[in-house]
Amino acid sequence: KYELGQLKVAGVISGPSTPRAVVEDGGGMGYIVTIGTPMGPNGGVVTAILPGRIVVEESVLDYYGKESKHQ
């Protein structure tokens, strides 16, 4: 429901279990995400959680209708 640019990483939790991150919207509301969590209006999915950042991959159609992945 939010554009990716409207969210910021507030914290990352890593360890022996599944890594998690907390992202915050412009209003200060926090959301917990894990790998595989859908994000953004363009069908993005969290593919990696790294120290201080998360990687979201989106499928994009170019002018010719060819689909490509963007991070």
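Scroll up to find the structure this text is about.
So, a few notes on the structure that sits alongside this text.

Rules of the game
- Residue indices begin from 1 for each chain and proceed along its sequence in written order.
- Where totals are concerned, whole chains, interfaces and linings use all residues; where local detail is concerned, this predicted model gives features only for residues with pLDDT of at least 70, and gives and counts side-chain atom pairs only at 80 or more.
- For side-chain calculations, the full set of non-hydrogen atoms in the structure is used, while hydrogens and water are omitted.
- In this description, a nonpolar core means a group of buried Ala, Val, Leu, Ile, Met, Phe, Trp, Tyr and Cys residues linked to one another through side-chain atoms lying within 4.5 Å.
- Under the scheme applied here, a residue whose accessible area is under 20% of the maximum for its type counts as buried, over 50% as exposed, and between as partly exposed, the area being computed with a 1.4 Å probe on protein chains only.
- Put simply, DSSP H or I for four residues or longer makes a helix, DSSP E for two residues or longer makes a strand, and each gets a number counted from the N terminus.
- For the purposes of these results, a polar contact is taken to be a pair of N or O atoms within 3.5 Å, where, inside protein, one atom must be able to donate a hydrogen and its partner to accept one; residues adjacent in sequence count only when each atom of the pair is a side-chain atom.

### Some remarks on the nonpolar core
At step 1: Counting residues in hydrophobic clusters, the biggest one holds 9 residues: L7, A21, V23, V33, M39, V46, I49, I54 and V56.
At step 2: Going through the elements one at a time, β2 (20-24), β5 (44-50) and β6 (53-61) are the ones with two or more residues in this core.

### Some points on the side chain of D25
At step 1: Following the sequence through the fold, D25 ends up in the loop between β2 and β3 (30-34).
At step 2: What makes D25 buried here is its relative accessible area of 6%.
At step 3: Of note is the side chain of D25, whose polar atom sits 3.0 Å from the backbone nitrogen of G27.
At step 4: Of note is the side chain of D25, whose polar atom sits 2.9 Å from the backbone nitrogen of M29.

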